[in-house]
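# Analysis of the macromolecular model
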Amino acid sequence: MEGKIMLAAVLCLAAVAAVKAGDPYFYYTWNVSYGTASPLGVPQQVILINGQFPGPNINSTSNNNIVINVFNNLDEPFLLHWSGIQHRKNCWQDGLPATTCPIMPGQNFTYHFQPKDQIGSYFYYPSTSLHRFSGGFGGLRVNSRLLIPVPYPDPEDDYTVLISDWYTKSHTSLKNLLDSGRALGSPDGVLINGKSAKMDGKDQPLFTMKLGKTYKYRICNVGFKSTLNFRIQNHKMKLVEMEGSHVLQNDYDSLDVHVGQCFAVLVTADQTATDYYMVASSRFLKKQLSGTGLIRYEGGQGQASPVLPKAPVGWAWSLNQFRSFRWNLTASAARPNPQGSYHYGKINITRTIKLVNSQKVVDRKLRFGFNGVSHIDTETPLKLAEYFQMAEKVFKYNVIKDEPAGKITGLTVEPNVLNITFRTFVEVIFENHEKSMQSYHLDGYSFFAVATEPGRWSPAKRENYNLLDAVSRHTVQVYPNSWSAILLTFDNAGMWNIRSENWERRYLGQQLYVSVLSPEKSLRDEYNIPLNAGLCGIVKDLPKPSIYS
C-alpha cells in the first residue's frame, strides 16, 4: 500500500536525502535480477528490481536530483529508460541504446537526472532487447513544489496504477520469435500493477479508500501493443493531469489509455462502503482481454459485484474523447507562470516532417519503419559517435526525406537519424496507412498534440488545428488510416528518440533519432558526457574530448 503524500519531501524505498545547498539529492540502490512470478496464474521468469515486480515507485518533486545506482544481475546487457522525463541538456541519462553503453552483466551504472521544470505522472522501464516484456518497470511521479499552486485540493492519498497487456512467454522466447521473422500475436492477458484479480472473493485490495475522501490515481499504460480502457465500478474519474500538464477537469466514466500514456484522475469515495473493481480491458483487438484489481472502502462490508462495467466500442468514441482533452490555461505547472502564457499557436512553423509508418518483409523477416527506413541500433551509441566527432563512421544523417516521395514500396535497414536545427519550431505529422492503432512517443520534449483526424494529411488540414489549448504531452495516438499532428520547439540539445510505443514495431525498426546540436558547444545548452559514462564500440579506448565550458 502506498503511503501518505508528503508535500515537503520525496519518499521512496531505500532513499536517503543528502543535506546540500540548492536542489536536494535522493539516492537509491537498485539490484536488477531474475525471479519467478505468476502474473496470469502461470509461473514465468520476470525481471525484479530489489525483489519487486513491478519495480519500486519513484516519488519525487520538481528539480530534485535523483541518483540511482543500478546493479545488473541479469545474464544480458541492460539499460533503464525514464519515459517522459525530459533530461534537459542531458540526453546522457536517457537510458537508450543510442545514448548510453549498456550495463554489462555483473556491472553497475549510476544514473543522475533531474525532472527539471516538470511535474506529472510517468514511468520507467528497460529499453534493451525485449526486457520490458518481463518486467523491470515502475511508476515515476513528480510532485509540484510547495510554492506552486495546484488546481485542486490535496488528495487523501496518491496511488500509482500500472496497466499493461501481458504475455506468458519469456522475453527470450518472444525475442526469438521476432528474430526468426515471426510476429508475436495477441497478448495473453491484462495486468494491473503486475497481477489480475481472480474475482473469487479472496482477492486482497490493491488500494483502500475512506468514505467521503478524494484520492489521486495515476494511470499509466506500460504495456506493449494494446490500447487499454480503464474504469472503476460505480465511480466517476475527474481528469486533472496528463503527462505533465494540468488539464481542464472533466468527469469520465472510462478512459482510453494508449500505450505509453499516463493520466492522473481524482476519485471520490462517495458510494456504498464495500469493495469495487478497477477494470482495464483491451481495445481494437479481435478478442477483448481484461484485467481487474480490487479497491476496498475502509470498514466496508460485502464483496465487489461480479458485474463489470463494459468498455466502449469502436474508435470514433476514442477520437471524440481525445478531442475533449484541453490544456488548463490558467493553472501553473512546474513554474509559477500559467501554462497558457506560452502561445504556441502564434509561432511560425519553420519545418514540416511527415512520418509514414510501413511494414515490409526484408530478407524473409518482418520489419517496420518510417518513410522507407527501418532503424537498427549500432554497437557504438549514436550520441557517443557524434560527441567524439566520428558520426560518419557509424551513421548518416537524414537518410529519410521530410516527406516520402510517393508510395513507400520497400524498407532499407540502417540507422535512421534526422538532424534538426536547434531552437526551431517544427510540425511533425504521423500518418498511419494501416488498419491498426498506433502510438508514438518523443523523448526529451513535450509537444502540443494539435489534431488527429481520419484520412490523409495536407497543409489545408492546419485549419482544423487546436492552436489555443491543445495538451502539452509526450505520446500521441494515431487511429487506423488516420493522421496526428504535433507542434514543438526543438530547444533541448541532444540525441532524442521518436518511436512506436508498440514494442514489437519499435524492436523491428519503427523508430528514429533526432540529433539537435547547439552551435555553441557550451554548458549553457548541453552538459558534458558524465565522468562515469562507459565507452563502447569504436570509441571504447579513446580519450574523452575536451569538455564544454
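Here, every reference points to the structure presented above.
Residues numbered from 1 in each chain as written. Predicted model: local features only at pLDDT ≥ 70, side-chain atom pairs only at ≥ 80, totals over all residues. Heavy atoms only, no water.

### What about the overall build of the protein?
The condition is simple: Starting at the N terminus, helices and strands are each numbered in turn, a helix being any DSSP run of H or I of at least four residues and a strand any DSSP run of E of at least two. Atoms considered for the radius of gyration are the C-alpha atoms alone. The globule rule reads 2.2 Å times the number of residues to the power 0.38. The contact criterion used throughout is that any non-hydrogen atoms of two residues lie within 4.5 Å. Per-residue and other accessible areas follow the Shrake-Rupley method at a 1.4 Å probe size, with only the shown protein chains counted as cover for residues. Note that His is not counted, nor are the chain ends; the positive residues are Lys and Arg, and the negative ones are Asp and Glu. Where a charge sits is defined by one atom per residue type, namely NZ (Lys), CZ (Arg), CG (Asp) or CD (Glu).
A count of helices and strands for the protein gives four helices and 34 strands. Whereas a compact globule of 549 residues would reach a radius of gyration of roughly 24 Å, the protein reaches 22 Å, a difference of no more than 12%. Based on the C-alpha atoms only, the size of the protein along its principal axes is roughly 70 × 55 × 50 Å. Sequence-distant contacts, at least 24 apart, represent 77% of the contacts inside the protein between residues at least 6 apart. Accessible surface for the protein amounts to roughly 21500 Å². Of this, 52% is attributable to carbon and sulfur atoms. Here the protein contributes 55 positive and 45 negative side-chain charges, whose respective centroids are spaced 3 Å apart.

### Considerations on the sheet that holds strand β6 (residues 80-83)
Operational definition: At least two DSSP bridges between two strands are needed for those strands to be called paired. For helices, the fitted line uses only the C-alpha atoms of the stretch in contact; every axis is such a line through C-alpha atoms, and the angle between N-to-C directions lies from 0 to 180 degrees.
If you trace the four strands from one edge of the open sheet to the other, you get β4-β9-β8-β6, paired in mixed fashion. Each of the sheet's edge strands pairs with one partner strand only, and the pair in question is β4 (58-61) and β6. Sheet twist, expressed as the average angle between the axes of neighbouring strands with direction ignored, equals 25°. With four bridges joining them, β4 and strand β9 (residues 138-143) adopt parallel strand pairing. Bridging from a neighbouring strand, Ser60 pairs with Val142 of β9.

### Quick word on the nonpolar core
Selection criterion: The term nonpolar core refers to a set of buried residues drawn from Ala, Val, Leu, Ile, Met, Phe, Trp, Tyr and Cys, joined through side-chain atoms within 4.5 Å. The classification of residues rests on relative accessible area computed with a 1.4 Å probe and restricted to protein chains. Under 20% of the type maximum is buried, over 50% is exposed, and intermediate values are partly exposed.
Grouped together as the largest cluster of nonpolar side chains are 42 residues, with contacts concentrated most on Leu355, Leu382, Phe395, Phe430, Leu488, Phe490 and Leu512. Residue contributions to this core peak at four residues, all from strand β34 (residues 511-517). Excluding anything up to four places from it in sequence, Leu488 contacts Thr424, Phe425, Val426, Val428, Leu442, Tyr445, Ser446 and Phe447. Core analysis: the next-biggest nonpolar cluster, separate from the first, contains 33 residues, Met209, Val247, Tyr276 and Val471 among them.

### Looking at the pattern of salt bridges
When their charged atoms lie close together, side chains carrying opposite charge are able to pair. Rules: A pairing counts as a salt bridge when a side-chain nitrogen of Lys or Arg comes within 4 Å of a carboxyl oxygen of Asp or Glu.
By the definition in use, this model includes 25 salt bridges. Its salt-bridge partner being Glu434, residue Arg505 comes within 2.3 Å of it at the nearest N-O pair. Note that Arg505 is positioned in helix α4 (residues 503-507) and Glu434 in the loop between β27 (425-432) and β28 (438-442), a separation of 71 residues in sequence. Note that Glu501 and Arg499 form a salt bridge whose closest N and O atoms lie 3.0 Å from each other. Take Glu501 and Arg499: they sit in the same class, and that class is buried. One network of salt bridges, with partners in common, ties together Arg132, Asp443, Arg499 and Glu501.

### A few points about the pairing of strand β5 (residues 65-72)
With seven of eight residues buried, β5 is to be regarded as a mostly interior element. Of the pairings in the sheet, the one linking strand β2 (residues 25-37) to β5 comprises eight bridges and is parallel in character. Considered in β5, the bridge of Tyr27 is made with Val67. In terms of strand pairing, β5 meets strand β7 (residues 108-113) through six bridges, oriented antiparallel. Bridge pairing in β7 places Phe71 opposite Asn108.

### Thoughts on helix α1 (residues 171-179)
The periodicity of an α-helix, 3.6 residues per turn, causes residues three or four positions apart to be oriented the same way. As a reminder, the rule being used: Arc definition: it is the arc formed by the directions from the helix axis to the C-beta atoms.
Residues of α1 that are buried: His171, Leu174, Leu177 and Leu178. Along the long axis of α1, the arc covered by the buried residues comes to 120°, so they all point the same way. Looking at the buried side of α1, the elements it contacts are β2, β3 (44-49) and α4.

### Considering the state of the cysteines
Put simply, the test is: The disulfide criterion used throughout: a pair of cysteine sulfur atoms within 2.5 Å.
Counted according to the given criterion, the structure contains two disulfides. Here Cys101 connects covalently by a disulfide to Cys536, the sulfurs 2.1 Å from one another. Taking the torsion about the sulfur-sulfur bond, which here is approximately -95°, the covalent link between Cys101 and Cys536 counts as left-handed. Taken together, the residues span a long stretch of sequence, with Cys101 in the loop between β6 and β7 and Cys536 in the segment after β34 at a distance of 435 residues. The burial state of Cys101 is the same as that of Cys536; both residues are buried. Linked covalently through their sulfurs, Cys220 and Cys262 form a disulfide whose S-S length is 2.1 Å. Measuring the twist about the S-S bond at about 115°, one finds the Cys220-Cys262 disulfide to be right-handed. Here Cys262 lies in strand β19 (residues 262-268) and Cys220 lies in strand β13 (residues 214-221), a separation of 42 residues in the sequence.

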